[in-house]
Amino acid sequence: MPHCVIECPADLARIVNFDVLVEAVHDAADASGLFSAGDVKARLVLANHYRVGGKRAPYVHTEVQLLSGRSELQKKALANDIARAVCELLPRVEMISVEVRDIAVQAYANRASLNTLSEAV
């Protein structure tokens, strides 16, 4: 945790290496100090059909999904850190946004939690 899902147009590849974009988001989340080493996951989802303000304009939107329990100030700082990293990488892209969403711990499962559950039984 967290899962950083970056969405942007496929044709943004003309101005940025997508591996570098994913790394910038990953590194910004990792540097926040909110997560244990190795917990940050980042991935890119490309859009082929989109409009921004009625035209095909470049954008980057990152949704950060994390288990609930962080303060509003921590989540805002995380959003700012990731937005700042993307803005520095893409100074000519006007539409850059980050949204941090809580996942209720009770509504989340992964391999590690399943293993813990089976060991407790």
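Residues numbered from 1 in each chain as written. Predicted model: local features only at pLDDT ≥ 70, side-chain atom pairs only at ≥ 80, totals over all residues. Heavy atoms only, no water.

What follows covers the nonpolar core. Counting 26 residues, the largest nonpolar core has L12, L21, V60, L78, I82, V86 and L90 as its most contacted members. Contributing elements (two or more residues each) for this core: strand 1 (3-9), helix 1 (18-31), strand 3 (59-67), helix 2 (72-89) and strand 4 (95-103). No other element matches helix 1, which puts six residues into this core. Apart from the residues within four sequence positions on either side, I82 is in contact with V25, A28, A29, T62, V64 and V98. Counting residues in hydrophobic clusters, the runner-up holds five residues, among them A47, Y50, A57 and Y59. (Core = buried A, V, L, I, M, F, W, Y, C linked by side-chain atoms within 4.5 Å. Buried < 20%, exposed > 50% of the residue type's maximum accessible area, 1.4 Å probe, protein only. Helix = DSSP H or I, 4+ residues; strand = E, 2+ residues; numbered from the N terminus. Contact = heavy atoms within 4.5 Å.)

Below, the discussion takes up helix 1. Over its 14 residues, helix 1 runs 20 Å from end to end, which matches the ideal 20 Å to within 8%, given 1.5 Å per residue. Restricting attention to buried positions, one finds in helix 1 the residues F18, L21, V22, A24, V25, A28 and A29. For helix 1, the angular spread of buried residues about the axis comes to 155°, placing them on one side. In this structure, helix 1 carries D19 and A31 as exposed residues pointing more than 90 degrees from its buried face. (Expected span 1.5 Å × (residues − 1). Arc of directions from axis to C-beta.)

Oppositely charged side chains may form a pair once their charged atoms are brought near each other. A full pass over the atoms with the stated rule returns six salt bridges. A salt bridge links K75 to D102; its shortest N-O distance comes to 2.7 Å. Here K75, found in helix 2, pairs with D102, found in strand 4; they are 27 residues apart in sequence, far enough to count as distant. Among the salt bridges present, the one from E99 reaches R101, with a minimum N-O distance of 2.8 Å. Take E99: its relative accessible area is 28%, and that puts it in the partly exposed class. (Salt bridge = Lys/Arg side-chain N within 4 Å of Asp/Glu carboxyl O.)

Our focus in this paragraph is the sheet that holds strand 4. Here four strands make up an open sheet; going across it, the order is 2-1-3-4 and the pairing mixed. The two strands at the open ends of the sheet, each matched to only one other strand, are strand 2 (41-47) and strand 4. Adjacent strand axes in the sheet meet at a mean angle of 15°, parallel and antiparallel pairs treated alike. Bridge count between strand 1 and strand 2: seven bridges; the pairing is parallel. Bridging from a neighbouring strand, C4 pairs with A42 of strand 2. Where helix 1 meets the sheet, it contacts strand 1, strand 2 and strand 3, and its direction lies at approximately 145° from that of strand 1. Along the sheet, helix 2 contacts strand 3 and strand 4; its crossing angle with strand 4, the most-contacted strand, is approximately 150°. (Pairing = 2+ DSSP bridges. Axes fitted to C-alpha atoms, helices over the stretch in contact; angles between N-to-C directions.)

Its relative accessible area of 9% is what places K75 among the buried residues. Excluding residues that lie within four positions of it along the chain, K75 makes contacts with R70, V100 and D102.

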